[in-house]
Amino acid sequence: MRKMCFRSATALVLCAMGLAGPGAQAQEFPVQTKTLKNGMKVLVQSDHSIPNVALYVFYRIGSRNEHPGTTGLSHFFEHMMFNGAKKYGPGELDKVMEANGGSNNAYTTKDTTVYQDWFPRSALPLIFDIEADRIQNLNFDPQKIQSERGVVASERRLRTENNNRGLLSEQLWATAYVAHTYQWPVVGWMSDIEHWTMEDLKHHFAMGYSPSNATMVVVGDVTPEEIFQLCEKYIEPIPAHAPPPPVTTVEPEQLGERRLVVHKRAELPVLLIGYHIPQTNNPDFYALNILRTVLYQGESSRMYLRLVDKDQLALFANSFSPSAFDPSLEQIIAQPKQGVDPAACEKAIYEELERAKTSAITDQELEKAKNIRLVEFYHQMRTISGRANTIGTYEVFFGDYNKLFDAAKNYAVVTKEDVQRVAKAYFEPNNRTVATLIPESAEKGKP
Amino acid sequence: MKIPTKTARILTVMILGLLVGVGAAAQSIHIPSHEKLVLKNGLTVLLLEKHGVPIVSFDAIVKTGAAADPEGQEGLASITAELLRKGTKTRSAQQFAADLDYIGGSFGSDAGADFTSVSAEFLTKDLGPGLDLFSDALLHPTFPQAEADKVLAQNIDGVRSAKDNPQQVLGEYYAGYLFGARSYGRAEGGDELSLKRIDRDAIVKFYDSNFAPGNTILAVAGQFNASEMRKKLEEVLGAWAAKKVPEAAIPAAASVKGKKLLLVDKPDATQTYFAIGNVGTKVNDPDRVGIEVVNTVFGGRFTSLLNEALRVESGLTYGASSQFDSHREPGTFGMYSFTKNETTVQAIDLALQVLQKLHKDGITPEQLASAKSYIKGQYPPSIETSAQLARRIVQNEFYGLDDSEVNQLEARIGAVTPEVARQIIQKHFPDENLVFVLIGKASAIAPALKKYAEKQDARPVSEPGFWPPPTGKK
């Protein structure tokens, strides 16, 4: 991510996928689309409730498209997209945008790089001018590259080196994947951050930033017609070129549990367990989401009741999975309380997973999970930025934004037996990687 | 559970969301019209209809917060809030969770410095059961011993967990070092020791003394019919027995004179996290809009002076900012950033230079114009959802502010001239008197920090409590 949050005005909705729910009607939130001649697809939703606009551009390129030696390049590139092009030189993009009432940010995942602009309607043509300038004419100033390296290194220290959960998560992925490019962190290894070159950046730009590799989503105080006209003027003349080469490596099936330990000065341990699950557009997406809700969401969830409430082993127990083009990881995270052996948390988690495999969830649980999905759909739809992010995420990861509105019927048909089947299929000991952060006390090495 | 309807004398005050006559109507910032009523038992209710998404947001303020915690029992207001849902006259904690989750509802309760917040959201179709849950937690908590024990133990570990993340606890040390053991200096959530001194009796007493309709403001915003909502609220909340609650007194703190520095040692840190500043302003300071404008230029956005210097131009950090964290009485003002151990002094020096430059050169007309435009452009998404609107009106009511905070914002921003900005810098931004708080690896950075202040303090992050160090007295 490019920035810290400066103000809460623009609530950043970095949602995971699958929060859409049944009952949602496509006609409640109509979307107009157009594919430009250069291949960029544009999705527009009008909402005049506030005089503002959220404009998101999703590029299908992320750390998944990188190689050893230049890991983190997609994320670094995300930063460089703000550091000067032809018309708007270094520092000017932010200055001009803020002076016109706009703000921006961006985030990079293993699969995508997403640029976000939030601005008053009056800044509409300016934003298109800025976006076109940087997609077409990005400039690489050697001095900027050097100072931005320091910024990204500081971001890595913030989120990884000085953040126990971040640190452990990095180790988990690096262990769970031996072949596929999901194995390295989005921010990149520190030594790669220090060493990539201008040539690497130019190559990355050429590889990932064809308009045909991007999807634009505009939500807010606009009409589809005016957005399509602006696109024709500013974006359509930018020529397309080849998309990034396909990622052909397939992670081989994991044939046995992998374990790793991180020893670090800490007040409390952290436990992180990863299970390989399919990519986002797999049909099991819906049943997995229902299972995740039943197990982890809310204080009536099975894991909360077991680990936090009844046995009082952990401060929390959650699970999440990022949107992904390729088979990904379900990550279960729990923080053992002081004096609790992480192994006790681990055992309780496995017992609850086992329970979900040996007998079906209850009708009440199934219905609750579907109700929660519905509410979350509306939570995403209540802001223009939430809509832009959700519509774009469905378009990119399912290949069709309509899947957001189809989620209703896709959840409705999930049965208790489906949920039990996916629990059995993916939550197998041989398929898991277990990472534990064990606190070291002041005396080095003493547990 | 149904409560019989009482005939309540309702004082209804219609507040019209008048459009400010500046520019095109669609471009002007305004808050939707809403109404205020006071139930017979003294409960203030604000109702704001907002259609579009079928959600209803409840946001209540109980006008007693963490600043009223008894000394040595810091965290009492916060624990009381957290326990509201953990057992009521008709529901166990587990039953409450089951009923809430079944309708996909959300419920939150927490104590800030000035007040306790109790909020909830439900789909409009679930309004009946939703309001029942919300009012059950607010009116009928029973504070079961077993639940209190669990929540206290959780929170003690929660403090420990937070200390593993310097950014999460910097504010606690900073407020403590700035204010001492008084009011806003206390950790709102308590610490490892103060939480151990809280028992069920203290919690029950805190609830009984402070949770009363006359001490509470409730805002409801979202998709509903206001006249039906009025009836429902009278029915459910009108029976809440009135009682006298003394107003929580919060002593105002004076600015710190001179310079002082606290270094919190975290031996494994590869990056130093710092806050520099002094006592800030009240929420309803007459200069508040001007302060917002000047702080936007100084450290409130990406192209701010601080972020330009420490990040954009030098690459020392991922981010540098400044913030006024304002309360009923003056809260904190701080410049915040972080940088690798080796560049700690360089980054602090640079932040201080930017502050000096602000005093010396002021801000340019271009910077002023840009900040004004930025605030106006970014404001509408801050009152976009029913939850944001409920929070906005309930806090306005608490702080004695009105809709002109929103409806007159553009005009008030317009009135901030370069001369006004200059006065605000002199009056509200510290200059020579500064408090420094750093969390970092002491063995790597301590010697170089001597130059910043004559008075120097230090403590390890692993020691219980924040600042001041616990004395052990009850």
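Residues numbered from 1 in each chain as written. Chains lettered and ligands numbered in written order. Predicted model: local features only at pLDDT ≥ 70, side-chain atom pairs only at ≥ 80, totals over all residues.

Enquirer: I'm lost on the overall build of chain B in this one. Help?
Expert: Secondary structure assignment for chain B yields 16 helices and 13 strands. Here the C-alpha radius of gyration of chain B, 24 Å, is about what a compact globule of 474 residues would show, namely 23 Å. Its C-alpha atoms put chain B at 70 × 60 × 35 Å along the principal axes. The buried share among the 474 residues of chain B stands at 55%. Partitioning the intrachain contacts of chain B with sequence separation of at least 6 by distance along the chain shows that 80% fall at a separation of at least 24. (Helix = DSSP H or I, 4+ residues; strand = E, 2+ residues; numbered from the N terminus. Rg over C-alpha atoms; globule rule 2.2 N^0.38 Å. Buried ≥ 20, exposed ≤ 12 C-beta atoms within 10 Å, placed from the backbone. Contact = placed C-beta atoms within 7 Å.)

Enquirer: Sorry if this is basic, but what is going on with the pairing of strand β5 (residues 106–111) of chain B here?
Expert: As a general feature of sheets, a regular strand has side chains that alternate between the two faces. All names here are of chain B. Side chains F107, S109 and A111 project from β5 onto a buried face, and the interleaved S106, G108 and D110 project onto a face without burial. The sheet contact formed by β5 and strand β6 (residues 116–123) spans six bridges and is antiparallel. From the neighbouring strand, D110 faces β6, where its bridge partner is S117. Between β5 and the antiparallel strand that follows it, β6, lie four residues. (Pairing = 2+ DSSP bridges.)

Enquirer: How do you make sense of the domain arrangement of chain B when you look at a structure like this?
Expert: Often, the extent of an interface is quoted as the loss of accessible area upon association of its parts. Residue and element names in this part refer to chain B. Looking at the assigned domains, one finds that chain B contains domain 1 (11–237) and domain 2 (259–460). Centre-to-centre separation of domain 1 and domain 2, based on C-alpha positions: 27 Å. Facing the 40 residues of domain 1 at the interface are 36 residues of domain 2. Elements that contribute at least two residues to the side of domain 1 that touches domain 2 include exactly β3 (44–49), β4 (55–62), α5 (166–179) and β7 (216–222). For the side of domain 1 that touches domain 2, the element with the most residues is α5, which contributes eight residues. Looking at side-chain class alone, the side of domain 1 that touches domain 2 contains 27 nonpolar, eight polar and five charged residues. (Domains from an automatic or database assignment. Nonpolar A, V, L, I, M, F, W, Y, C, P; charged D, E, K, R; others polar.)

Enquirer: Teacher, can you tell me more about the pairing of strand β1 (residues 32–35) of chain A here?
Expert: All names here are of chain A. Where β1 meets strand β2 (residues 41–46), four bridges bridge the pair, whose relative direction is antiparallel. Bridge assignment links T35 to a residue of β2, and that residue is K41. Taking the residues between adjacent antiparallel strands as the criterion, β1 and β2 are bridged by five residues, where G39 takes a positive phi near 100°.

Enquirer: How should helix α10 (residues 344–361) of chain B be read in this particular structure?
Expert: Since the α-helix advances by 3.6 residues per turn, residues separated by three or four positions end up pointing in the same direction. End to end, α10(B) covers 25 Å across 18 residues, agreeing with the expected 26 Å (1.5 Å per residue, within 8%). Two residues or fewer past α10(B), G362(B) is found with a positive phi of approximately 65°. (Expected span 1.5 Å × (residues − 1).)

Enquirer: So what exactly am I meant to see when it comes to the interface of chain B and chain A here?
Expert: Contact with chain B, which involves 59 residues of that partner, is made by 59 residues of chain A. Of all elements in the fold, only α2 (93–102), α4 (145–163), α9 (305–312), β11 (332–340) and α11 (365–378) of chain B reach the threshold of two or more residues within the side of chain B that touches chain A. Residues that form the side of chain B that touches chain A fall into these classes: 22 nonpolar, 25 polar and twelve charged.

Enquirer: Before we go on, may I ask you to explain the domain arrangement of chain A in this structure?
Expert: Residues and elements named next belong to chain A. Domains assigned within chain A are domain 1 (31–234) and domain 2 (258–440). Between the C-alpha centres of domain 1 and domain 2 the distance comes to 28 Å. Contact with domain 1, which involves 32 residues of that partner, is made by 31 residues of domain 2. Contributions of two or more residues to the side of domain 1 that touches domain 2 are made by β2, β3 (52–59), α5 (164–176) and β6 (214–220). The biggest single contributor to the side of domain 1 that touches domain 2 is α5, with ten residues. Classifying every residue of the side of domain 1 that touches domain 2 by side-chain character gives 15 nonpolar, eleven polar and six charged.

Enquirer: So what exactly am I meant to see when it comes to the sheet that holds strand β10 (residues 328–336) of chain A here?
Expert: The strands making up a sheet are joined through hydrogen bonds of the backbone, oriented either antiparallel or parallel. Residue and element names in this part refer to chain A. Taken in spatial order, the five strands of this open sheet run β7-β11-β8-β10-β9, and their pairing is mixed. The two strands at the open ends of the sheet, each matched to only one other strand, are β7 (258–265) and β9 (314–320). Sheet twist, expressed as the average angle between the axes of neighbouring strands with direction ignored, equals 15°. Of the strand pairs in this sheet, strand β8 (residues 270–277) and β10 are connected by seven bridges, and their pairing is antiparallel. Looking at β10, one finds that L271 is bridged to A334. (Axes fitted to C-alpha atoms, helices over the stretch in contact; angles between N-to-C directions.)

Enquirer: For this particular structure, what's the right way to read the nonpolar core?
Expert: Proteins that are soluble and globular tend to have nonpolar side chains buried together. Counting 268 residues, the largest nonpolar core has L291(A), Y173(B), A351(B), A390(B) and V437(B) as its most contacted members. The contacts of A390(B), once residues within four sequence positions are left out, are L48(B), S57(B), F58(B), D59(B), A219(B), V220(B) and A221(B). (Core = buried A, V, L, I, M, F, W, Y, C linked by C-beta atoms within 7 Å.)

Enquirer: It is not clear to me how the environment of T390(A) should be interpreted in this structure. Could you clarify?
Expert: Tracing the sequence through the fold places T390(A) in helix α13 (residues 384–398). Sequence separation between T390(A) and F377(A) is 13 residues, and the spatial gap between their C-alpha atoms is 9.2 Å.

Enquirer: What is the right way to read the sheet that holds β3(A) from this model?
Expert: Residue and element names in this part refer to chain A. Within the open sheet, the six strands sit side by side as β1-β2-β6-β3-β5-β4. Their pairing is mixed. Edge positions in the open sheet fall to β1 and β4 (103–108), since each of these has one partner strand only. When the angles between neighbouring strand axes are averaged without regard to direction, this sheet yields 15°. Bridge count for β3 against β6 is seven bridges, and the pairing is antiparallel. Bridged to V53 within β6 is G220.

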